[in-house]
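Residues per chain, in single letters:
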Amino acid sequence: MSNTHLIKRPLPDVVDVLVIGAGASGSVAVFELARNGFSVACLEQGDWTPATEFAGDKPEWELVKQKKWHPNPNVRQGPSDYPINTDESDVNPLLYNGVGGSTILYAAHWCRMMPSDFQTRTLDDVGDDWPFTYEDLQPFYEETERLMGVSGLGGDPAYPDEPSFPLPPLPLGKVGLKAAAGMDKLGWHWWPGANSIASKEVGHRPACLRYGACLTGCPAGAKASTDLTHWPDALEAGAHLVIGARVREITVDDKGLASGAVYIDRDGVEHTQKARIVVLAANGVGTPRLMLLSKSEHHPNGLANSTDLVGRRLMMHPYGAAVGTYEDELESWLGPAGQILHSMEFYETDKSRGFVRGAKWNLMPSGGPLGMRSGYGGRPVDESFGVNFHKNVKRVLGRSFEWGVIAEDLPDESNRVILDPELTDSDGIPAPKLLYKSSENTEKLIKWHVARAVEAHEAAGATSIETTELMRDCGWHLLGTTKMGNDPLTSVVNQWGAAHDCPNLIIIDGSVFTTSSGMNPTATIMANALRSIRHLVENRATQPMSGE
Amino acid sequence: MLTDEQRAVYSRLADVLIPSAEGMPSASEADVPTKWINDALGYRPDLVPAFLRALEIGADGEAEAAVLRINSTDSVAFDALGVLTSGSYFLNPAIKELIGYPGQVPSPAYDDTASYIDMLAAVVERGPIFRPTVT
Ligand SMILES: Cc1cc2nc3c(=O)[nH]c(=O)nc-3n(C[C@H](O)[C@H](O)[C@H](O)COP(=O)(O)OP(=O)(O)OC[C@H]3O[C@@H](n4cnc5c(N)ncnc54)[C@H](O)[C@@H]3O)c2cc1C
Ligand code: SF4
């Protein structure tokens, strides 16, 4: 990692807004604020990751993806990563630390939430209603989709406004057509997947080259990671970016308002950056970690934590999958990966299934010959090796694909992020620890959905099907740890992300999710971040600030 | 870099994992122990210690028994051996050709909506499936 503070102009002593984290939500905030004339600085612990570093177009891809580009920071152990204690968690959190945040590694499934996701209490008597509706967020989804250059096909009857997308859909290919034929036999919903991957050249990005390596960083630069979609324009508009800046505390002034942050650079030197407003965008684990680290006289239980809700209600979307193998040659290593199709057939609650809420399904290709060939240890040698090594490659390579199930997990206050009493990161800052158990409702939900996904493969003609009912490495979505709501007694932030206990602290990442939905969350994280920051910009005259 | 002795041990173990069968060459016929393992170890330096442990455990006796012994006594070492051996095998372009895998080569996206638009008409006909916002 480089030591340089990558700033084009001197950083003011006090900025209007200090944003922590240069990932999906932080990028939205920085760009929106800079182009509206705010002085804005962003502190990001990681570095830039140029597309030339990614291995997806190189022969060694499948070997290095299991380490250097692994989504689990505890496995990857890169210089900008911090450890996360998962001894008491059913699921491992997955993320990336650097400019672009986790969008560097995300699969770019672009999924708006459904209207019912905002009203789980009203409709299903579980969770809580969000303080706004699908219709309130809809224009922000549209605006974000234009900026991200989302590819998809309009007219999906699964959504109320049958959204159209700025770019045409990516190819379904043989895999998509095969799976769609199965769904049609059953009369089940399917639609070409929307992806934040360019199907045509757009903005700073070329069209997708179908390497299928999206989950390890796009070597073509076709995937909409926010280092490409937002940062060049944000810097152009005057934003300051400090890389290699690991924040250890949000400071407060004598009124208890957020007044800046203390960070450590890559030479181990501590700095303080002052600000009138602080925006937290460090994701569902990084944000509560920082708030719990920021204890003060005004905030003895951690910043803005009078409710003791900071870090609680962690939701991570346990993931189930059914992989089908087919006789036909399907070129199933081709990208995008990416969702080729999605299905919302079983998204809405049907209590006769024995659980509430549902899941989005996504269809994904299966990659190259090495695949996830790890973890053979202890299993019978001849299962994967000897003559079976060759037989398995012939049977599976290019002929298999996955129906994956994004299970909505409901908020539970005992699922939480806390500070580990012993473990620290490389700067000596206490590391987060996750306490997380998937619930009975989620387990029933996954079991039921995976059984239907098996039927979808059978209908499409699969010759063999393997299922996973809870993948451990599936914590892609880190949500809920600073709940959004109208009542200051039962939530941490209001509908605009402002902390009830600290009104110039604005939280805009996935932490604010009131419930998790059964969708990949980045479309909603970014649309919600835009809505919050637009509100801040429009109400700057009445916005409380430190130093006034 | 492996010593000649380590390489000789590895060659025997690798051929148990990937024998000549099903019309495919064995690991040593595909130059895994002599060439591709060097590259693979370079790509995965984190696996080197566990890999060397596997060679130590598997140094003596008949090769098949040695592989079983590695798996039963040190599963982490066996994982490293397995990943590096299969990974090395697939690094060889001749093997890629034999299994029909072109590798991750550019294959520009194209519009194939015409091939499924009729099928989609049926989905549209089945109608909306969402619950609207309650006001
Ligand atoms: C492998 C993988 C696949 C995924 N696939 C999808 C998908 O297909 N669709 C989808 O919608 N979502 C997907 N996601 C999730 C998506 O990437 C995240 O939801 C999204 O990036 C979260 O945005 P964020 O702004 O909350 O946080 P992030 O994007 O994670 O950014 C947080 C940033 O804050 C920085 N930070 C944290 N703590 C500190 C600190 N103390 N000091 C300084 N900087 C700090 C981090 O370094 C990081 O850069 C995937 C994620 C992963 C890991
Ligand atoms: S499939 Fe497309 S988006 Fe994914 S890595 Fe390849 S070029 Fe990038």
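Look a little higher up for the structure.
## Comments concerning the overall build of chain A
Phase 1 of the analysis: When helices and strands are tallied, chain A shows 13 helices and 17 strands.
Phase 2 of the analysis: Taking 2.2 N^0.38 as the reference for a compact globule, 548 residues should give roughly 24 Å; the C-alpha atoms of chain A span a radius of gyration of 22 Å, in line with that estimate.
Phase 3 of the analysis: Principal-axis analysis of the C-alpha atoms places the extent of chain A at approximately 70 × 50 × 45 Å.
Phase 4 of the analysis: Counting all 548 residues of chain A, 65% fall into the buried class.

## Brief notes about the side chain of D156 of chain A
Residues and elements named next belong to chain A.
Phase 1 of the analysis: For D156, the position within the fold is in the loop between α5 (134-148) and α6 (173-186).
Phase 2 of the analysis: Here the side chain of D156 touches H342 through a polar contact of 2.8 Å, side chain to side chain.
Phase 3 of the analysis: D156 has contacts with E162, H189, W191 and H342, leaving out every residue within four places of it along the chain.

## A word on unusual backbone geometry
Note: most residues except glycine have negative phi, and most peptide bonds are trans.
Residue and element names in this part refer to chain A.
Phase 1 of the analysis: A cis geometry characterises the amide bond from G335 onward to P336, with omega recorded as 5°.
Phase 2 of the analysis: Structurally, the position occupied by P336 is in the loop between β9 (319-325) and β10 (341-343).
Phase 3 of the analysis: In this structure, G338 follows A337 across a cis peptide bond, with omega equal to 10°.
Phase 4 of the analysis: One can find G338 in the loop between β9 and β10.
Phase 5 of the analysis: The phi dihedral of R210 falls on the positive side, at around 60°, and the residue is not glycine.
Phase 6 of the analysis: With respect to the element layout, R210 can be found in the loop between β4 (191-192) and α7 (226-229).
Phase 7 of the analysis: For R210, a relative accessible area of 6% corresponds to the buried category.
Phase 8 of the analysis: A positive phi angle, near 65°, is found at R313, a position not held by glycine.
Phase 9 of the analysis: Topologically, R313 is positioned in the loop between α9 (283-293) and β9.

## Describing the sheet that holds strand β15 (residues 464-468) of chain A
Residues and elements named next belong to chain A.
Phase 1 of the analysis: Within the open sheet, the six strands sit side by side as β4-β10-β11-β12-β9-β15. Their pairing is antiparallel. The open sheet has two edge strands, β4 and β15, and neither has a second partner.
Phase 2 of the analysis: Sheet analysis places β10 next to strand β11 (residues 359-365), joined by two bridges and oriented antiparallel. By the bridge assignment for β11, S343 is matched with W361.

## A few points about the pairing of strand β12 (residues 400-407) of chain A
Residue and element names in this part refer to chain A.
Phase 1 of the analysis: Within β12, eight of the eight residues are buried, leaving the element largely enclosed by the surrounding structure.
Phase 2 of the analysis: In this structure, β9 lies alongside β12, joined through seven bridges in antiparallel fashion. Bridging from a neighbouring strand, A321 pairs with G404 of β12.
Phase 3 of the analysis: Pairing of β11 with β12 involves seven bridges; the strand directions are antiparallel. Counted as the bridge partner of A359 is A407 from β12.

## Some words on the pattern of salt bridges
Phase 1 of the analysis: Evaluated as defined, the whole model comprises 34 salt bridges over all chains.
Phase 2 of the analysis: Two residues, D184 of chain A and R126 of chain B, come together in a salt bridge whose shortest N-O distance is 3.6 Å. Separated into two different chains, D184 of chain A in helix α6 and R126 of chain B in helix α7 (residues 117-126) make up a pair that spans both.
Phase 3 of the analysis: Here D184 of chain A falls in the partly exposed class, since its relative accessible area comes to 22%.
Phase 4 of the analysis: Residue R126 of chain B is classed as partly exposed on the basis of its relative accessible area, which comes to 36%.
Phase 5 of the analysis: We note a salt bridge from R131 of chain B to E348 of chain A, for which the minimum N-O separation is 2.9 Å. Of this pair, R131 of chain B sits in the segment after α7 while E348 of chain A is found in the loop between β10 and β11, placing the two residues in two different chains.

## Looking at the interface of chain B and chain A
Phase 1 of the analysis: Counting residues at the interface gives 54 residues for chain B, matched by 73 residues for chain A.
Phase 2 of the analysis: At the boundary of chain B with chain A, total buried surface from both sides reaches about 5,400 Å², with 67% on carbon and sulfur atoms.
Phase 3 of the analysis: Interface area lost by chain B to chain A is led by Q104, I129 and R131 of chain B, which between them contribute 15%.
Phase 4 of the analysis: For the interface between chain B and chain A, the tally reads three salt bridges.
Phase 5 of the analysis: The shortest N-O distance in the salt bridge between R131 of chain B and D124 of chain A comes to 3.0 Å.
Phase 6 of the analysis: Secondary structure elements with two or more residues in the side of chain B that touches chain A: α1 (4-17), α2 (32-43), α4 (63-73), α5 (75-91), α6 (93-99) and α7 of chain B.
Phase 7 of the analysis: With 10 residues, the single largest contributor to the side of chain B that touches chain A is α5 of chain B.
Phase 8 of the analysis: In terms of residue class, the side of chain B that touches chain A is built from 34 nonpolar, 12 polar and eight charged.

## A closer look at the packing of aromatic side chains
Phase 1 of the analysis: A full pass over the atoms with the stated rule returns 24 aromatic pairs over all chains.
Phase 2 of the analysis: Here the aromatic rings of W69 of chain A and Y96 of chain A are separated by 6.5 Å at their centres, their planes lie at 25°, and the arrangement is stacked. Of this pair, W69 of chain A sits in the loop between α2 (61-64) and α3 (73-76) while Y96 of chain A sits in the loop between β3 (85-89) and α4 (120-124); the two residues are 27 residues apart in sequence, bridging distant segments of the chain.
Phase 3 of the analysis: When its relative accessible area of 12% is taken as the criterion, Y96 of chain A is described as buried.
Phase 4 of the analysis: For the ring pair F389 of chain A and F90 of chain B, a centre distance of 5.7 Å and an interplane angle of 15° mean the geometry is stacked. Linking F389 of chain A in helix α11 (residues 387-396) with F90 of chain B in helix α5, this pair reaches from one chain into another.
Phase 5 of the analysis: You can call F90 of chain B buried: its relative accessible area is 6%.
Phase 6 of the analysis: Among the aromatic residues, those joined into a ring-pair cluster are F118, W130, F132, Y134, Y141 and F513 of chain A.
Phase 7 of the analysis: Just above the ring of W61 of chain A sits the side chain of K65 of chain A; from NZ or CZ to the centre is 4.4 Å.
Phase 8 of the analysis: Positioned over the ring face of Y82 of chain A is R289 of chain A, at 4.7 Å from the centre of the ring.

Calculation notes
Residues numbered from 1 in each chain as written. Chains lettered and ligands numbered in written order. Predicted model: local features only at pLDDT ≥ 70, side-chain atom pairs only at ≥ 80, totals over all residues. Heavy atoms only, no water. Helix = DSSP H or I, 4+ residues; strand = E, 2+ residues; numbered from the N terminus. Rg over C-alpha atoms; globule rule 2.2 N^0.38 Å. Buried < 20%, exposed > 50% of the residue type's maximum accessible area, 1.4 Å probe, protein only. Polar contact = N/O pair within 3.5 Å; in protein donor to acceptor, adjacent residues only side chain to side chain. Contact = heavy atoms within 4.5 Å. Pairing = 2+ DSSP bridges. Salt bridge = Lys/Arg side-chain N within 4 Å of Asp/Glu carboxyl O. Buried area = accessible area lost by both parts, 1.4 Å probe. Nonpolar A, V, L, I, M, F, W, Y, C, P; charged D, E, K, R; others polar. Phe/Tyr/Trp six-rings, centres within 6.5 Å; stacked < 30°, edge-to-face > 60°. Lys NZ or Arg CZ within 6 Å of the ring centre and 35° of its normal.

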